[in-house]
Amino acid sequence: KAGVTQTPRYLIKTRGQQVTLSCSPISGHRSVSWYQQTPGQGLQFLFEYFSETQRNKGNFPGRFSGRQFSNSRSEMNVSTLELGDSALYLCASSPMTGLVETQYFGPGTRLLVL
Amino acid sequence: AQSVAQPEDQVNVAEGNPLTVKCTYSVSGNPYLFWYVQYPNRGLQFLLKYITGDNLVKGSYGFEAEFNKSQTSFHLKKPSALVSDSALYFCAVRDTGGGNKLTFGTGTQLKVEL
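Given the structure is predicted, the values throughout are model-derived calculations rather than measurements. Position labels on residues start from 1 in each chain and follow its written sequence. Ligands are numbered from 1 and chains lettered from A, in the order in which they are written. Totals for whole chains, interfaces and linings use every residue, but because this is a predicted model, local features are given only for residues with pLDDT of at least 70 and side-chain atom pairs only at 80 or more, for both listing and counting. Side-chain measures were taken over the full set of non-hydrogen atoms in the model, leaving aside hydrogen atoms and water.

## Points about the interface of chain A and chain B
- For this analysis, residues touch if any pair of their heavy atoms sits within 4.5 Å. Across the contact, 23 residues belong to chain A and 19 residues belong to chain B.
- Each of two parts loses accessible area, computed with a 1.4 Å probe, when they are put together; buried area is these two losses added. Looking at the side of chain A facing chain B, the largest losses of area belong to Leu43, Val100 and Phe105 of chain A, adding up to 32% of the total buried there.
- Polar contacts here mean pairs of N or O atoms no more than 3.5 Å apart (in protein, one a potential hydrogen donor and the other a potential acceptor; neighbouring residues in sequence count only if both atoms are side-chain atoms). At the boundary of chain A with chain B, the tally comes to eight residue pairs in polar contact (both at pLDDT 80 or more).
- By definition, any uninterrupted DSSP run of H or I lasting at least four residues is a helix, any uninterrupted run of E lasting at least two residues is a strand, and each is numbered from the N terminus. When contributions to the side of chain A that touches chain B are tallied by element, the ones reaching two or more residues are strand 4 (31–38), strand 5 (42–50), strand 6 (53–57) and strand 9 (87–94) of chain A.

See the structure below:
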């Protein structure tokens, strides 16, 4: 099976712009989660989607949003970008067939805000 | 709220020697614990997880982890380190509130030297 794919892999934006990142989960996986990784804050949970519904949300401002489509693909959007949004954004998917699922991560999208 | 701590920012070990990367956790309820590894400019790769049962969990690439309930620890181990094991290692705990939210430790940089 192909792994989790994320597009684009690299992105440069300027402050005030908005950005949309895409994640395609492993085939058959229904849960998609997003994480932000920065040197200062480490790995932080953004949100999780399951069956097109947001199931969990981390402590991020409303500028961060996401959605999931019927084919389980997910997008996250960041509006009004700030310099501090520069980070590696990781997407993870899991099948949701058992009690404690393993999440499989994609390679990430590296966002640089200038 | 659950949390994990990785007390060592960096661990140095000689190739062929055993390695240990430490992790302690704090959860209310059953702990569901994970280890992931990250190579430069890559996403996270799953190594192993503890759900219940045997305290010694075997994972990928020869890694194993020892769950110790009384010490609330979940240390990652490998009997014989390889230079190729040099990477950033993360311990994580799953949220007890349901869903797939993971709370990660700050990471431990493992350096294996010849």
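## A short note on the sheet that holds strand 3 (residues 19–24) of chain A
Residue and element names in this part refer to chain A.
- Strand order in this open sheet of four strands is 1-3-8-7, and the pairing throughout is antiparallel. Strands at the two margins of the open sheet, each flanked by one partner only, are strand 1 (5–7) and strand 7 (64–68). Shown here is a sheet whose adjacent strand axes are inclined to one another by a mean of 20°, direction ignored.
- Pairing between two strands requires that DSSP report at least two bridges joining them. In this sheet, strand 8 (residues 74–78) lies alongside strand 7 in antiparallel orientation, the contact comprising five bridges. In the strand pairing of strand 8, glycine 66 is matched with methionine 76. Only the contacting stretch of a helix is used when fitting its axis, a line to C-alpha atoms as for every element, and angles between N-to-C directions run 0 to 180 degrees.

## Considering empty space enclosed by the protein
- We place a 1 Å grid over just the protein atoms. Points where a 1.4 Å probe fits but has no way out form a cavity, open points with protein on both sides within 12 Å along at least 5 of 7 lines form a pocket, and any residue with an atom within 4 Å of a point lines it. Grid points are joined across faces, edges and corners, and a volume is the space filled by probe spheres set on the points. Applying the stated criterion across every chain yields a total of one cavity of 30 Å³ or more.
- The computed volume of the largest cavity comes to approximately 60 Å³.
- If you trace the largest cavity, you find it lined by Arg9, Tyr10, Leu88, Pro107, Gly108 and Arg110 of chain A together with Asn41 and Arg42 of chain B.
- When its residues are assigned to classes, the lining of the largest cavity shows three nonpolar, two polar and three charged. Residue polarity follows a fixed list, in which Ala, Val, Leu, Ile, Met, Phe, Trp, Tyr, Cys and Pro are nonpolar, Asp, Glu, Lys and Arg are charged, and the others, Gly among them, are polar.

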